[in-house]
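Now for the letters of each chain:
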Protein chains: 2
Amino acid sequence: MKPTRITSWHISCGSDTERSLRESIFSIANGYIGTRGFRPDERGKHAAWRSTFISGFYEYIRPGITDLVNQPDFSAMALRLNGEDTESMHVFDFTQSLDMSCGLLEWSFFLESRDGLRTKIKMEKFISMANRHIAALRISVMPVNWSGSLYLETGIDASVQNLPISDNQLHNNIEFVQMWNIPEIKPIDGGAVLTAKTFPSHRQVTMAYVLNADENAALTTDDYSVTSVLETTLKCGTCWQAEKLVAVACFRDGDSENIARSELELIRHESFDALLDRSKKAWGRLWETSDVVLEGDETWQGGVRYIIFQLLQAAPRHDPHASIGARGLTHGRYKGCYFWDTEIYMLPMFTMTQPEIAKNLLLYRYNTLPDAVKSAKNFSAKGARYSWMASDTGFEQCETWDTGCCEIHVTADIAFAFGKYTASTGDDQFLCCYGTELYIQTARYWVDRFNYSAKEDRYHLLFVKGPDEYCGVTSNDFYTVSMARQNLRLAIDAVSEMKQRWPEEWQDLSSRLSFNDNEIAVWQNIIDKSVLTFDEKRGLWLQDVTFEYMEPLDIKKEKDGDKPLYLRIGYDRLQRYQVLKQPAVLMYMALCPEDFSKDEIETAWNYYEPKTLHDSTLSFGIHALVASRLGKTPEAVRYFEKSLFLDLFDLMNNTGHEGIHMASLGASWQALIFGFGGLSHDGEYFKVVSRLPEQIHAMRYRFFFKGHPYEAEIKQGDDPIIRELT
Amino acid sequence: MKPTRITSWHISCGSDTERSLRESIFSIANGYIGTRGFRPDERGKHAAWRSTFISGFYEYIRPGITDLVNQPDFSAMALRLNGEDTESMHVFDFTQSLDMSCGLLEWSFFLESRDGLRTKIKMEKFISMANRHIAALRISVMPVNWSGSLYLETGIDASVQNLPISDNQLHNNIEFVQMWNIPEIKPIDGGAVLTAKTFPSHRQVTMAYVLNADENAALTTDDYSVTSVLETTLKCGTCWQAEKLVAVACFRDGDSENIARSELELIRHESFDALLDRSKKAWGRLWETSDVVLEGDETWQGGVRYIIFQLLQAAPRHDPHASIGARGLTHGRYKGCYFWDTEIYMLPMFTMTQPEIAKNLLLYRYNTLPDAVKSAKNFSAKGARYSWMASDTGFEQCETWDTGCCEIHVTADIAFAFGKYTASTGDDQFLCCYGTELYIQTARYWVDRFNYSAKEDRYHLLFVKGPDEYCGVTSNDFYTVSMARQNLRLAIDAVSEMKQRWPEEWQDLSSRLSFNDNEIAVWQNIIDKSVLTFDEKRGLWLQDVTFEYMEPLDIKKEKDGDKPLYLRIGYDRLQRYQVLKQPAVLMYMALCPEDFSKDEIETAWNYYEPKTLHDSTLSFGIHALVASRLGKTPEAVRYFEKSLFLDLFDLMNNTGHEGIHMASLGASWQALIFGFGGLSHDGEYFKVVSRLPEQIHAMRYRFFFKGHPYEAEIKQGDDPIIRELT
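Residues numbered from 1 in each chain as written. Chains lettered and ligands numbered in written order. Predicted model: local features only at pLDDT ≥ 70, side-chain atom pairs only at ≥ 80, totals over all residues. Heavy atoms only, no water.

**Points about a negative patch on the surface**
Here is step 1: Together, A:Glu594, A:Asp595, A:Asp682 and A:Glu684 line one region of the surface with negative charge.
Here is step 2: By secondary structure assignment, the location of A:Glu594 is in the loop between helix H16 (585–591) and helix H17 (598–608). (Patch = residues over 30% accessible without salt bridge, like charges linked within 9 Å, V, L, I, M, F, W, Y side chains within 5 Å. Areas by Shrake-Rupley, 256 points an atom, 1.4 Å probe, with all protein chains shown as cover. Salt bridge = Lys/Arg side-chain N within 4 Å of Asp/Glu carboxyl O. Lys, Arg positive; Asp, Glu negative; His and termini not counted. Charge placed at Lys NZ, Arg CZ, Asp CG, Glu CD. Helix = DSSP H or I, 4+ residues; strand = E, 2+ residues; numbered from the N terminus.)

So, in structure tokens, the structure goes:
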């Protein structure tokens with residue numbers, strides 16, 4: 001078991017081993033700035049691991065391909081006690097902990113020098129949820145058995161680098177990229193302002209800071225950094241403190257230097273505690289609607305709060321031109337790109353509990369619709385084709401041919417999320433202003449992407465890759481065809497609704513899109529005549545046209561714990577085994593259970609679940625959800641625990657070097673609320689049923705439906721109670 | 001029409017425009033050294049275009065991926081007449097010509113200076129076919145209307161770079177790579193020796209030269225080059241000459257410095273003419289068996305000699321660890337890699353007319369069999385899997401997923417070429433020592449690569465890409481399945497023959513390969529139960545399982561001249577049109593016409609030929625061959641001319657910037673000899689029939705069969721005459 005301790009509002013770790021895992025787990029963010037949870041005075045193996053990110057701040061590393069930029073570091077410090085660097089001192093009684101109620105990260109430990117001098121240290125840090133530009137650190141130092149000198153260096157360090165990570169999971173990263181030009185540094189009273197620009201696009205960031213302590217610090221600079229150097233004398237048994245306040249702004253905000261300076265000016269005389277209090281209030285407002293209260297198991301309660309906490313802090317609330325990367329702001333994995341993970345895995349929590357954030361995330365897709373139209377053109381297709389991996393533009397960031405070219409369901413996934421958002425929020429204006437246009441343009445892509453066979457009067461979807469990425473490029477993939485049909489249906493319904501309810505807006509839109517009413521008939525045709533394979537005898541929906549030609553594999557024999565099988569079996573071989581990396585038919589059934597009889601879902605479960613390797617972290621939560629709905633509660637609990645504790649207990653052995661798996665968090669939430677918590681809706685009415693496992697004695701969660709807030713309370717053995725809140 | 005003039009033994013060009021095209025067409029080589037045909041005193045836009053290659057000399061440009069190294073340049077010179085650089089002078093009466101009987105390349109032209117001083121220049125160069133280490137240049141300068149100074153600089157220049165070319169045809173090359181470390185330079189009497197090593201593997205080349213002239217030259221060096229500087233006074237109307245003799249050796253030969261020095265020492269006092277004479281004799285021996293004499297059309301005659309000339313000079317005759325790249329030694333395109341092009345397109349000419357060279361080329365594949373076994377392991381497959389692109393090792397150099405991972409027919413292609421070689425040469429020792437092992441190991445790969453469907457008792461080949469690269473990744477591709485069956489048959493036959501004829505060797509081999517007699521039954525099973533799709537009603541062999549689901553395309557409307565359609569239509573769209581890039585079913589029918597009735601071939605022709613875009617240079621010659629056999633002589637002639645003059649007339653507009661298309665040369669030869677010249681054999685007897693088009697009044701060619709030399713003479717209207725030569 002990993003050393004993480006979980007209580008209802010706190011995550012903590014009582015050992016300073018497993019550094020990279022702690023750095024991931026204790027990542028903190030406010031949807032704008034994010035930093036990994038590295039101990040400030042541990043200056044790290046290399047500058048690419050000491051990561052600080054800004055949402056949506058990408059830069060090109062080669063033509064067309066961006067990386068999420070590793071920002072200048074404002075957290076690091078060098079600390080010398082009686083002349084000895086703390087980084088090399090013996091550490092004991094170490095605790096790193098996170099208070100999820102307010103996002104406060106804390107390191108508390110004792111140091112012992114070579115000469116036996118012992119010192120109690122506390123370091124605290126938060127990134128303000130009240131003001132996205134602000135972060136603060138506090139250091140407390142108390143000599144236990146000595147008096148003598150303290151030397152502290154801290155400032156802003158732009159000598160960080162990027163380590164762009166190939167989307168080919170078998171490639172090693174070998175190349176560091178220097179993204180920052182030599183910054184401009186200006187001293188200010190008590191601190192400094194550093195403004196740096198990236199190469200090649202001159203994208204600018206400014207970080208301004210003050211170091212507040214009783215003593216004055218001297219300022220030193222070198223090419224890439226500015227540092228406040230403070231020296232003082234410590235008295236045995238007396239606690240010394242300093243506070244560092246930081247303001248961050250970037251080109252995405254406007255004049256970054258002006259903004260960072262003003263934001264710092266506003267708070268420079270405030271205390272760490274006062275600022276934290278304001279951030280805590282902002283967190284409180286988020287928790288008010290997003291918290292899920294569980295009775296029964298404190299570890300579950302803390303784990304559930306952790307997934308909500310991580311999702312909330314990853315979501316850009318201020319900026320409809322950014323989304324949530326596959327690892328949020330916790331790691332540069334996948335070059336920080338946005339996948340279907342956002343719309344299909346993470347979005348439901350936001351749609352149900354923070355609809356304004358959900359809307360923002362969807363607007364990112366709407367705002368990149370012009371790029372998706374251009375992307376379609378690049379693929380010689382009509383309409384809009386969303387990219388498998390996107391960054392600050394909508395253009396394809398995936399460099400692996402089979403996924404980038406063939407895993408096209410993402411376009412339908414986005415339309416689906418738009419549909420779910422409108423259906424549950426009742427935000428019709430959104431449909432009118434954004435949704436319809438997106439549905440029409442994406443529907444046009446599907447028209448182009450299906451091949452009509454005149455001989456059969458059927459539409460085939462050739463050469464696609466479904467969500468089970470272990471299957472080769474195949475045809476008529478169940479998930480993709482089904483989701484494309486949903487996309488087409490949404491388009492048909494939206495056009496009809498526009499015509500009735502917003503005739504003027506429809507006039508504008510249809511003329512702008514050169515819409516032709518004949519298009520609707522083609523959409524309906526594809527819905528009716530596209531090909532899914534159903535085995536009547538077994539009552540089984542087949543994943544695609546090739547699945548049953550493949551060789552069976554004894555998973556138990558081949559799979560070694562939780563290690564992905566692709567590390568042991570080459571892809572060309574793996575794609576021809578009857579195994580799944582993650583759910584495909586069951587994935588669609590998880591999203592649209594209403595399309596199937598319980599028997600169909602059960603048959604699919606019995607067929608696919610034993611063949612699924614769960615080599616993607618996107619797998620567990622979805623299986624938990626489906627199992628819960630099927631009444632397979634023990635399986636649901638088993639899968640839920642895998643999903644819930646995936647990062648906290650490092651179940652895939654990659655949380656440290658890959659960051660927090662955002663989609664898995666979202667899937668855990670769906671399993672909890674849509675599965676155990678039994679929430680569902682058909683776009684008109686919602687419903688709550690109780691499917692609590694024995695681990696949960698009672699559960700309380702809030703959600704919005706059609707703009708109204710509700711609270712569901714479910715107790716073992718009782719009927720759910722729903723309250724409309726006012 | 002391009003400016004190339006073709007006579008029976010000469011290729012010439014009367015204009016100094018189209019520089020890069022001329023550089024490709026006039027590439028000369030001896031199977032070891034190759035240089036592009038750049039005019040020595042034109043120093044080029046950049047050092048990556050001034051290309052000199054050594055067969056098999058690759059270096060890593062990133063982990064696992066090599067580039068054919070651009071060698072130090074021994075050809076370049078700077079020439080100043082009366083103080084003015086010739087590079088900037090006005091050129092007139094320019095002719096660049098190639099004598100194919102001896103490989104002599106010549107530039108002859110007049111220069112006019114700014115002041116009206118006119119000078120006649122001749123530059124000559126050859127790379128010796130008599131001694132692979134030797135090349136020679138001669139420069140002749142005659143002032144027409146002036147007397148005055150001449151200044152000549154020439155030496156060895158290692159300041160060249162590589163420009164590695166992505167195998168993704170849509171990527172631009174953007175990155176120059178410096179491969180050479182600072183060389184070691186040693187002066188010798190009349191010249192110098194330059195030894196350079198590549199980064200990172202320290203692969204060494206040595207070039208030693210002397211500049212022979214009446215005057216003494218001074219030697220100057222800088223970091224990367226050594227230069228002889230010669231100054232003299234020219235007299236109006238008198239021709240001045242200098243000769244430069246060069247010896248080249250590299251790490252593949254052993255101690256390169258010692259070898260280059262010794263080889264130069266042996267010839268340093270010889271004249272250009274004497275060395276050329278020796279090379280011409282060596283060329284004469286090659287022409288003796290490889291020449292094809294045509295009566296009727298001198299352009300065809302010269303064109304045919306050109307394809308033979310280019311194939312002969314590209315083939316490494318000295319080294320069973322190298323093969324012929326897709327562009328020979330004429331360009332770094334495809335990083336100089338070896339493809340199926342060698343075995344399927346080029347090899348027949350060698351097998352029939354230079355069996356020793358053919359054997360050498362096949363030995364390259366045998367020698368990389370251990371790499372193919374490791375590659376199979378990397379793909380979690382058994383046996384041996386040859387790479388789509390190979391260089392000095394057999395490891396995959398292709399970085400494009402769909403071809404590198406899925407275009408697996410190359411393994412069967414290599415086995416097929418082994419079979420053809422043994423069948424026509426009767427070289428049974430080759431079967432015993434090399435062939436059987438390769439057949440068994442490759443057969444084992446196929447066993448692993450086919451998927452057995454117990455339900456149907458059939459073997460499916462899933463997720464492959466056939467030779468028609470415009471089709472997506474599909475299943476049961478006709479060409480690949482058919483060639484795999486051939487591979488398996490070769491293995492079955494070889495095992496049976498080994499058991500009968502070489503029981504001892506078989507004992508050794510079968511124990512070394514842990515061969516089990518049960519394997520044979522599986523091979524036979526796959527031959528019998530693998531899936532090809534035949535439409536009984538139409539009598540049509542279908543390309544794969546998806547072809548008929550695709551959308552038809554009006555090629556005439558879409559295709560713009562000879563420009564490949566992938567430049568206009570994105571791949572994802574293109575792969576779903578019913579069009580072919582190059583032959584697939586017809587390709588197999590071209591290789592194994594005996595497997596089909598004439599009706600089947602004709603039906604396939606009528607179906608596929610109109611759908612074929614010929615966007616690969618591998619297409620024309622094969623269509624010419626099939627058309628000729630079908631008696632469609634006008635079509636055959638049309639395709640043959642496209643193939644024959646593809647490079648000389650730059651029909652694809654890419655010969656200049658991509659080099660000579662070696663596979664197309666080989667296909668032209670097959671169309672000529674197997675098509676018009678009517679040669680075929682069944683492994684026991686050969687047969688010659690006449691299918692001469694009207695353009696050929698008579699034709700004479702030689703070939704070997706079962707070790708005996710024959711000459712075929714075919715005249716319009718007469719029966720072919722076959723002579724066994726002694």
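Back to the text.
**A word on helix H3 (residues 272–290) of chain A**
Here is step 1: Between the first and last C-alpha of H3(A) there are 26 Å, a value that for 19 residues agrees with the 27 Å anticipated at 1.5 Å per step.
Here is step 2: Along H3(A), the residues that are buried comprise A:Phe272, A:Leu275, A:Leu276, A:Ser279, A:Ala282, A:Trp283, A:Leu286, A:Trp287, A:Thr289 and A:Ser290. (Expected span 1.5 Å × (residues − 1). Buried < 20%, exposed > 50% of the residue type's maximum accessible area, 1.4 Å probe, protein only.)

**Considering the relation of the copies chain B and chain A**
Here is step 1: When chain B is fitted onto chain A, the two copies agree to an RMSD of 0.0 Å after a turn of 180° and an axial shift of 0.0 Å. Taken together, the turn and the small shift mark the pair as related by a two-fold rotation axis. Taking C-alpha positions as the reference, the residue of chain B nearest the rotation axis is B:Trp401, at 2.8 Å.
Here is step 2: When the interface residues of chain B are mapped onto chain A, 100% of them again fall at the interface, so both copies present the same face. (Least-squares fit on C-alpha atoms with pLDDT ≥ 70 in both. Contact = heavy atoms within 4.5 Å.)

**Some thoughts on the pairing of strand E21 (residues 292–295) of chain A**
All names here are of chain A.
Here is step 1: Across the two faces of E21 the burial differs, with Val292 and Leu294 buried and Val293 and Glu295 not buried at all.
Here is step 2: In this sheet, strand E28 (residues 698–705) lies alongside E21 in antiparallel orientation, the contact comprising 4 bridges. Counted as the bridge partner of Val293 is Arg700 from E28. (Pairing = 2+ DSSP bridges.)

**Considerations on the interface of chain B and chain A**
Here is step 1: Contacts between the two partners involve 38 residues from chain B, matched on the other side by 38 residues from chain A.
Here is step 2: With both chains or domains summed, chain B and chain A bury close to 3,100 Å², and 58% of this area falls on carbon and sulfur atoms.
Here is step 3: Summed over the three residues of chain B that lose the most area to chain A, namely B:Trp401, B:Phe463 and B:Tyr549, the buried surface amounts to 24% of that side.
Here is step 4: One can count 6 salt bridges joining chain B with chain A.
Here is step 5: One salt bridge in this structure joins A:Asp572 and B:Arg449, with 3.0 Å as the shortest N-O distance. (Buried area = accessible area lost by both parts, 1.4 Å probe.)

**Points about the packing of helix H3 (residues 272–290) of chain B against helix H4 (residues 298–314) of chain B**
Residue and element names in this part refer to chain B.
Here is step 1: Their axes nearest at 11 Å, the elements H3 and H4 cross at an angle of 125°. Considering their axes alone, H3 and H4 lie oblique with respect to each other. As H3 packs across H4, the resulting crossing turns out to be right-handed. Residues Trp283, Leu286, Trp287 and Ser290 of H3 pack against Arg305, Ile308, Phe309, Leu312 and Gln313 of H4.
Here is step 2: Here the residues of the contact of H3 with H4 are counted per class, giving 6 nonpolar, 2 polar and 1 charged. (Axes fitted to C-alpha atoms, helices over the stretch in contact; angles between N-to-C directions. Parallel < 35°, antiparallel > 145°, perpendicular 65-115°, else oblique. Left-handed = near helix turned anticlockwise from the far one by under 90°. Nonpolar A, V, L, I, M, F, W, Y, C, P; charged D, E, K, R; others polar.)

**Notes on helix H2 (residues 256–267) of chain A**
Residue pairs spaced three or four apart in an α-helix point in one direction, given the helix's 3.6 residues per turn.
All names here are of chain A.
Here is step 1: Helix length check: H2, at 12 residues, gives a terminal C-alpha distance of 17 Å against a target of 16 Å (1.5 Å per residue), a fit within 8%.
Here is step 2: Inspection of H2 places Ser256, Glu257, Ile259, Ala260, Glu263, Leu264 and Ile267 among the buried residues, and these make up the whole buried set. Relative to the axis of H2, the buried residues are bounded by an arc of 165° and lie together on one face. Opposite the buried face of H2, by more than 90 degrees, sit the exposed residues Glu265 and Leu266.
Here is step 3: Structurally, H2 contributes buried residues whose contacts are with strand E13 (134–143), strand E15 (184–188), strand E16 (191–197), strand E17 (204–212), strand E20 (240–250) and H3. (Arc of directions from axis to C-beta.)

**Regarding the sheet that holds strand E9 (residues 84–85) of chain B**
All names here are of chain B.
Here is step 1: Taken in spatial order, the 5 strands of this open sheet run E9-E8-E14-E19-E18, and their pairing is antiparallel. Every interior strand has two partners, whereas the edge strands, E9 and strand E18 (218–222), have only one.
Here is step 2: Bridge count for strand E8 (residues 77–81) against E9 is 2 bridges, and the pairing is antiparallel. In the sheet register, Arg80 faces E9, and the bridge partner there is Asp85.

**Concerning the pattern of salt bridges**
All names here are of chain A.
Here is step 1: Scanning the model with the defined rule gives 106 salt bridges over all chains in all.
Here is step 2: Between Arg501 and Glu497 there is a salt bridge, with its nearest N and O atoms 2.7 Å apart. Taken together, the residues Arg501 and Glu497, both in helix H11 (residues 478–501) and 4 residues apart, mark about one turn of the helix.
Here is step 3: For Arg501, a relative accessible area of 40% corresponds to the partly exposed category.
Here is step 4: For Glu497, a relative accessible area of 25% corresponds to the partly exposed category.
Here is step 5: Bridged by salt links that share partners, the residues Arg19, Glu23, Arg36, Arg39, Asp41 and Glu42 form one connected network.

**Quick word on the environment of B:Ser108**
Residues and elements named next belong to chain B.
Here is step 1: When you line up the elements, Ser108 lands in strand E11 (residues 104–112).
Here is step 2: Take Ser108: its relative accessible area is 16%, and that puts it in the buried class.
Here is step 3: Remark: the alpha-carbon pair of Ser108 and Phe272, spanning 164 residues in sequence, is separated by 17 Å.
Here is step 4: For Ser108, the contacting residues outside a window of four places in its chain are Asp93, Phe94, Thr95, Lys120, Ile121 and Lys122.

**Remarks on the side chain of A:Thr86**
Residue and element names in this part refer to chain A.
Here is step 1: On the secondary structure map, Thr86 appears in the loop between strand E9 (84–85) and strand E10 (90–99).
Here is step 2: The class of Thr86 is buried, set by a relative accessible area of 0%.
Here is step 3: In terms of polar contacts, Thr86 uses its side chain to reach the side chain of Asp41, at 2.7 Å.
Here is step 4: With residues up to four places along the chain from it excluded, the contact list for Thr86 reads Arg39, Asp41, Leu79, Leu81 and Leu111. (Polar contact = N/O pair within 3.5 Å; in protein donor to acceptor, adjacent residues only side chain to side chain.)

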